[in-house]
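Analysis of the macromolecular model
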Amino acid sequence: MVTMVTTAFAQGSEVIDIASNADAMLYSNAPCTVTTYGDEFKGWHVLFDDDASTFFHSDYSGDNSVDGLDHYLRVDMGEGNSVSLFTFTFTTRNENCHINSPTTIVVEGSNVADGEYTEIATLSGLPTTNSTVYTTEVLGREDVAYRYIRYRVTETAMNQTQGGHVFFFISEFGMTKVQAGAVEAKVEYTYTFNGKVIGGASIIAFVGDAYPEPTSVPFGYYAEAPAGLIEGDVAKEIECVVK
């Protein structure tokens, strides 16, 4: 068979300036407010100071989630603004990440702050090492735009809970808006016969391109490919059987 693995990356992108307007753009349903350790919420600047020893900590001893949902961070693009394709990055704290660093985050979008949210992606296996930068691949779809992007933490390294919800910390946060049509997909073809690799090829395709056929196929075989490379304008992992 032929296995094709696609990896999306962005050529045209713009960092979203959250830092200079963080009070208007960022919200959490469960900031830490009661603590004896000095890590109560003091402002969003801690997520933009390039210092892994300063951090946002969600609530672990106070009133907990104000809306009954898992602890989350929400980004508001602002009136009249929205985002379709994007990446996001966060940095783990400088210590104790084996305890309360997020390991699973559900990324969701909506056009109403407290309305219904649509899942964009579930990110799992996130790093639990100290002072580690994590950046996603391109998330979202070109044909769907949201004003609000929510990052809801559903699991942490040790899944400690307060009020039935896991609490977490991160030290840095950011988002990058990816321009429509700027996503490429590198398609890796690997030909195997009886478990032995016998050939391969790589093709670069742009969003909207037809599915690229292999330039060569082992003798007596041909590639039967799906009709299109892109599903929802975002590169996906695809398997293609060779007959």
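Residues numbered from 1 in each chain as written. Predicted model: local features only at pLDDT ≥ 70, side-chain atom pairs only at ≥ 80, totals over all residues. Heavy atoms only, no water.

1. Some details on the environment of T35
Structurally, T35 is set in the loop between β3 (26–28) and β4 (56–57). Along the primary structure T35 and S61 are separated by 26 residues, whereas in three dimensions their C-alpha atoms are 6.7 Å apart. When sequence neighbours within four positions are dropped, the list of residues in contact with T35 reads E40, Y60 and S61. (Helix = DSSP H or I, 4+ residues; strand = E, 2+ residues; numbered from the N terminus. Contact = heavy atoms within 4.5 Å.)

2. Topic: the nonpolar core
In terms of nonpolar packing, the biggest core is built from 31 residues, with F88, Y151, F173 and M175 touching the most fellow members. Among all residues touching Y151, those that are not within four sequence positions of it are H71, Y72, L73, V75, F86, F88, I105, V106, V107, F173 and M175. (Core = buried A, V, L, I, M, F, W, Y, C linked by side-chain atoms within 4.5 Å. Buried < 20%, exposed > 50% of the residue type's maximum accessible area, 1.4 Å probe, protein only.)

3. Describing the sheet that holds strand β7 (residues 102–110)
Taken together, five strands build an open sheet; the order of strands is β3-β5-β11-β7-β8 and the sheet is antiparallel. Edge positions in the open sheet fall to β3 and β8 (118–124), since each of these has one partner strand only. Between one strand and the next, the sheet's axes are offset by a mean angle of 20°, whatever the strand orientation. Bridging between β7 and strand β11 (residues 148–156) involves eight bridges; their strand directions are antiparallel. For P102, the partnering residue across the bridge sits in β11 and is T156. (Pairing = 2+ DSSP bridges. Axes fitted to C-alpha atoms, helices over the stretch in contact; angles between N-to-C directions.)

4. Looking at unusual backbone geometry
Positive phi is not limited to glycine here, since D50 has a value of about 55°. Of note, N96 is a non-glycine position whose phi angle comes to about 60°, a positive value. You can see N96 is positioned in the loop between β6 (85–91) and α2 (97–100).

5. Considering the pattern of salt bridges
A side chain with one charge may pair with a side chain of the opposite charge, provided their charged atoms come close. This structure, assessed with the given rule, holds eight salt bridges. E108 is paired through a salt bridge with R150; the nearest N and O atoms lie 2.9 Å apart. Of this pair, E108 sits in strand β7 while R150 sits in strand β11, and the two are 42 residues apart along the sequence. Judged by relative accessible area, E108 falls into the buried class, the value being 6%. On the basis of relative accessibility, which here comes to 9%, the residue R150 falls in the buried class. Taken together, the salt bridges that share partners define one network made up of D70, E108, R150 and R152. (Salt bridge = Lys/Arg side-chain N within 4 Å of Asp/Glu carboxyl O.)

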